[in-house]
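Each chain, letter by letter, is given below.
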There are 2 protein chains.
Amino acid sequence: MFSELHPEADPATLDAADPLASFRSEFAHDTEDLIYLDGNSLGRPPRAVLDAVRRVTDEEWTNRLIRGWDEWIELPSRAGDALAADVVGARPGEVLVCDSTSVNLYKLAAAALDAAPKGRRVIVTDDDNFPTDRYILAGIAERHGGELRVIHTDIDEGVDPKTVAKAVKKDTALLCLSHVSYRSGAIADMAAITERAHKSGAKVLWDLCHSAGAVPVELDACGVDLAVGCTYKYLNAGPGAPAFLYVREELQTRLRQPMWGWFSQTDQFAMGPEYLPREDIGRFAVGTPTVVGVAAVEAAVAVTARAGVAALREKSVRLGAYAQALFAEWLAPLGFELASPDDPLRRGGHLTLAHKEAWRIGQAMRARGVIPDYREPDRLRLGFAPLYNGYRDVHEGLSRVADIVRSGEYEKFPAEKGQVT
Amino acid sequence: MFSELHPEADPATLDAADPLASFRSEFAHDTEDLIYLDGNSLGRPPRAVLDAVRRVTDEEWTNRLIRGWDEWIELPSRAGDALAADVVGARPGEVLVCDSTSVNLYKLAAAALDAAPKGRRVIVTDDDNFPTDRYILAGIAERHGGELRVIHTDIDEGVDPKTVAKAVKKDTALLCLSHVSYRSGAIADMAAITERAHKSGAKVLWDLCHSAGAVPVELDACGVDLAVGCTYKYLNAGPGAPAFLYVREELQTRLRQPMWGWFSQTDQFAMGPEYLPREDIGRFAVGTPTVVGVAAVEAAVAVTARAGVAALREKSVRLGAYAQALFAEWLAPLGFELASPDDPLRRGGHLTLAHKEAWRIGQAMRARGVIPDYREPDRLRLGFAPLYNGYRDVHEGLSRVADIVRSGEYEKFPAEKGQVT
């Protein structure tokens, strides 16, 4: 499958054969020279998203004013339905675009713990899960009579299904894991882990932040109960664009989230005395949605949908395999180590490299117009976003990294860590 | 003070003498003919806000990409400081722009209940408080071992300080009220009520949704503990723009909000194993802020700051008094009743009229290019936003209402209620 992706391959030839190559021109950018390898953190702006934002501000808000709500009121569920159909493998009415990932995780995990039988007070997660997941779950456990069981995960290889299976027991209310590890990019086996947790009677909540738009997700087919995810990485909806949540249809009326906001109220504008939560996915809304943000998500999902997640995944795997070949040839001899699974099919959209000088190398890369991100303790994440990254980005980006290390150029940068984002 | 604001006064003359008249031209609008009297629900777009949104999307996101976070990370507290100084009378570091009003109310009210002594489990609010406040507080009470005590408020006159005083006792953890009633526009006496509640040892949380940008707010001077508010009404930051929260400096480290998201973590990007909440206002953040939204708030606050809340209030009171004079002359004889305090100084930025045909009249008004909003049971709210509404809006708007009722034009519209926003 990857035999042509060798270090001597001509990136221009590879780009010419790329069936998704035309999508690159749909993205706004400053300069072609910048090698942007951080779409795993913040995706580039599709022009369609910029247009959607402008449509909301300069037309809908300006001209329709309050009457805009006649349509905006449906936006969070409409954008959710698009995400459901085109990105995460869910049915209409199972996904809602709202709030941040952290807030959504709180709502769903707290609701799941509340709804669990008395003997099930444990939430299981792993120590390599994204920090906000671990913190939010710890808060829920402490505050809502639960207990957090944190299993150990190898930070290069990702979550181990056997360790998970052992930890999820009759006392477990909820298992919460990331589908794709934020650090290593390792993909967890959603189907097998969900099935195993269900055998123990636990509910399962997947964090899709690093998988939505990057790898195929089949929530319904995997029997997943709950999920949350963000839209500003591979979905390219913009900095801090609203997140999404998924609740399997059969579970919706059995769960009650802790923030009884008016957007989750039946007959919201009757403004009645009692809180009567809606009986659909709107039950998991809270306050007024950011209209600009949700419209951006809707437009962003449409771009991904046109490319198709299957095609995006195929290209993403190829970009990763090509990067891995270049790493082996150029970077391994310079002290870099692979900090991701060796098999490209076991990785999401990014490849992580460890190097004892990672912090300084990352700064030197930025100065040379290659944008990665740094993660503790000594990792550089290189994200390959198949909508706009090509083989030339991979080749040129890794070539500059090799230069920076070979030449000692990185030594000019401070070793002391500044702000990391 | 209002003697010149009589029904025969010439609105053009009044507009000509308006010191804030020039602000109207800073707002984007479709047509001068539209009489927009719903700024109490969704403000019109200042061009400066449209520009700020475009700057974030088309410049910062497009060109700086992930590096935009070097500055964006400070945006929620920077916009909060501007709100603190120019709108709500607070010190730097006491206000944060984040999430929705409902989510912020949940965070602060839950934190206050958690921090209260054991014998204080009651949250006091009133039955005329905005629905999301009542629902959120009911959820907190039910889920966190509290009790909600709902006092009765006259829906035309606003909250009665004596009733509040009686309800806030030694068992009370928190009093939560709206500063300006969403329905009647009645202003509550923040200073007196806060002082009285403090004498009982309760903390006080004010909802500023209908006061921020419309009436002077002096949180610090009134000794207020906690507050939340929205930015899309009189502050004009756009549909669903992020809300704000205020926590008095001395209280910040004594409170711990329930959603332990990574944006509230000390040394956030170290991504360490334990949750260690920040010791400043950032402690009350949760997830990734909507950058576009927060930038819109910052730009919107700057417009309000240039006009000055005192000047805005003066004009707002005058617009309301003028409307009241026209109401008495034209509308009272047509079956309208005042559903707001009679004294213009006791009202916020809107005037509420009751009429048994309010629903149909509201529809007829929209059809005639006058935009109010409808609220149960039979009310039309007329909002006068002093940044862009003038005396001509009031005169022409109320004149059209009188026409609609006199001519029976409203009878063409369905009595059955459709969507209300």
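Because the structure is a prediction, the values reported are computed rather than measured. (Residues numbered from 1 in each chain as written. Chains lettered and ligands numbered in written order. Predicted model: local features only at pLDDT ≥ 70, side-chain atom pairs only at ≥ 80, totals over all residues. Heavy atoms only, no water.)

Draft legend 1. Quick peek at the sheet that holds strand 9 (residues 337-338) of chain A. All names here are of chain A. Here we have four strands laid out as an open sheet, ordered 9-10-13-12, and antiparallel in their pairing. Looking at which strands have only one partner, the edges of the open sheet turn out to be strand 9 and strand 12 (373-375). As judged from the five bridges shared by strand 10 (residues 350-354) and strand 13 (residues 379-383), these two strands associate in the antiparallel manner. Among the inter-strand pairings, His-350 is bridged to a residue of strand 13, identified as Gly-383. The sheet contacts of helix 10 (residues 309-331) involve strand 9 and strand 10, and relative to strand 10 the element is tilted by about 20°. (Pairing = 2+ DSSP bridges. Helix = DSSP H or I, 4+ residues; strand = E, 2+ residues; numbered from the N terminus. Contact = heavy atoms within 4.5 Å. Axes fitted to C-alpha atoms, helices over the stretch in contact; angles between N-to-C directions.)

Draft legend 2. Geometry of the relation of the copies chain B and chain A. Least-squares fitting of chain B to chain A yields an RMSD of 0.0 Å, with the superposition described by an axial translation of 0.0 Å and a rotation of 180°. On the angle and the small slide along the axis, the relation comes out as a two-fold axis. When each C-alpha of chain B is compared by its distance to the rotation axis, Asp-99 of chain B comes out closest, at 3.5 Å. (Least-squares fit on C-alpha atoms with pLDDT ≥ 70 in both.)

Draft legend 3. Spatial organisation of the interface of chain B and chain A. Every contact between the two is made by 80 residues of chain B and, on the other side, 80 residues of chain A. In this assembly, chain B and chain A are joined by six salt bridges. If you look at where chain B meets chain A, you find 29 residue pairs in polar contact (both at pLDDT 80 or more). (Salt bridge = Lys/Arg side-chain N within 4 Å of Asp/Glu carboxyl O. Polar contact = N/O pair within 3.5 Å; in protein donor to acceptor, adjacent residues only side chain to side chain.)

Draft legend 4. Inspection of the UniProt feature "binding site: pyridoxal 5'-phosphate" (unreviewed entry) in chain A at higher detail. As annotated by UniProt and renumbered to match this structure, "binding site: pyridoxal 5'-phosphate" (unreviewed entry) occupies Thr-101, Ser-102, Phe-130, Pro-131, Thr-132, Asp-133, Asp-207, His-210, Tyr-232, Trp-262 and Thr-288 of chain A. Separation in sequence by 188 residues is matched in space for these annotated residues, since their most distant C-alpha atoms are 30.5 Å apart. Residue placement: Asp-207 of chain A occurs in strand 6 (residues 203-207). If sequence neighbours within four positions are ignored, Asp-207 of chain A has contacts with Thr-101, Asp-133, Leu-177, Ser-178, His-179 and Val-228 of chain A. Structurally, Thr-288 of chain A can be placed in the loop between strand 8 (244-247) and helix 9 (291-307). The contacts of Thr-288 of chain A, once residues within four sequence positions are left out, are Trp-69, Trp-262 and Phe-263 of chain A together with Ser-100, Tyr-232 and Gly-240 of chain B. A polar atom in the side chain of Thr-288 of chain A sits 2.7 Å from the side chain of Tyr-232 of chain B. (UniProt positions renumbered as here; feature names shortened; annotations may be inferred.)

Draft legend 5. Main features of the packing of aromatic side chains. All chains considered together, the criterion is met by 23 aromatic pairs over all chains. A centroid spacing of 4.7 Å and a plane angle of 10° characterise the contact between Trp-260 of chain B and Tyr-275 of chain B, whose relative ring orientation is stacked. A residue pair is termed long-range when its members are at least 10 positions apart, and Trp-260 of chain B in the loop between strand 8 (244-247) and helix 9 (291-307) and Tyr-275 of chain B in the loop between strand 8 and helix 9 qualify at 15 residues. This pair shows no difference in class: Trp-260 of chain B is buried, exactly as Tyr-275 of chain B is. Aromatic side chains Trp-359 of chain B and Tyr-374 of chain B sit 5.1 Å apart centroid to centroid with 80° between the ring planes, which places their arrangement in the edge-to-face category. Note that Trp-359 of chain B is positioned in helix 11 (residues 358-367) and Tyr-374 of chain B in strand 12 (residues 373-375), a separation of 15 residues in sequence. Neither Trp-359 of chain B nor Tyr-374 of chain B differs from the other in exposure class; each is buried. Here the basic side chain of Arg-256 of chain A rests over the ring of Trp-260 of chain A, its NZ or CZ set 4.4 Å away from the ring centre. (Phe/Tyr/Trp six-rings, centres within 6.5 Å; stacked < 30°, edge-to-face > 60°. Buried < 20%, exposed > 50% of the residue type's maximum accessible area, 1.4 Å probe, protein only. Lys NZ or Arg CZ within 6 Å of the ring centre and 35° of its normal.)

Draft legend 6. Geometry of the UniProt feature "modified residue: N6-(pyridoxal phosphate)lysine" (unreviewed entry) in chain A. Residue and element names in this part refer to chain A. Here, UniProt's "modified residue: N6-(pyridoxal phosphate)lysine" (unreviewed entry) annotation points to Lys-233. Given a relative accessible area of 8%, Lys-233 falls into the buried group. Setting aside anything within four residues of it in sequence, one finds Lys-233 in contact with Gly-39, Asn-40, Ser-41, Leu-42, Gly-43, Cys-209 and His-210.

Draft legend 7. Spotlight on the domain arrangement of chain A. Residues and elements named next belong to chain A. Here the domain parsing of chain A yields domain 1 (11-33 + 308-412) and domain 2 (50-306). Computed from C-alpha coordinates alone, the two centres of domain 1 and domain 2 are separated by 29 Å. Contact residues are listed per partner, giving 28 residues for domain 1 and 25 residues for domain 2. Here domain 1 packs against domain 2, burying approximately 2,100 Å² in sum over the two surfaces, 52% of which is carbon and sulfur. Its largest share of buried area at the contact with domain 2, domain 1 owes to Val-309, Arg-346 and His-350, together 24% of the area lost on that side. Our enumeration of links across domain 1 and domain 2 arrives at three salt bridges. The shortest N-O distance in the salt bridge between Arg-379 and Asp-156 comes to 2.9 Å. Those elements that place two or more of their residues in the side of domain 1 that touches domain 2 are helix 10, strand 10 and strand 13. Taken together, the residues of the side of domain 1 that touches domain 2 break down into 14 nonpolar, six polar and eight charged. (Domains from an automatic or database assignment. Buried area = accessible area lost by both parts, 1.4 Å probe. Nonpolar A, V, L, I, M, F, W, Y, C, P; charged D, E, K, R; others polar.)

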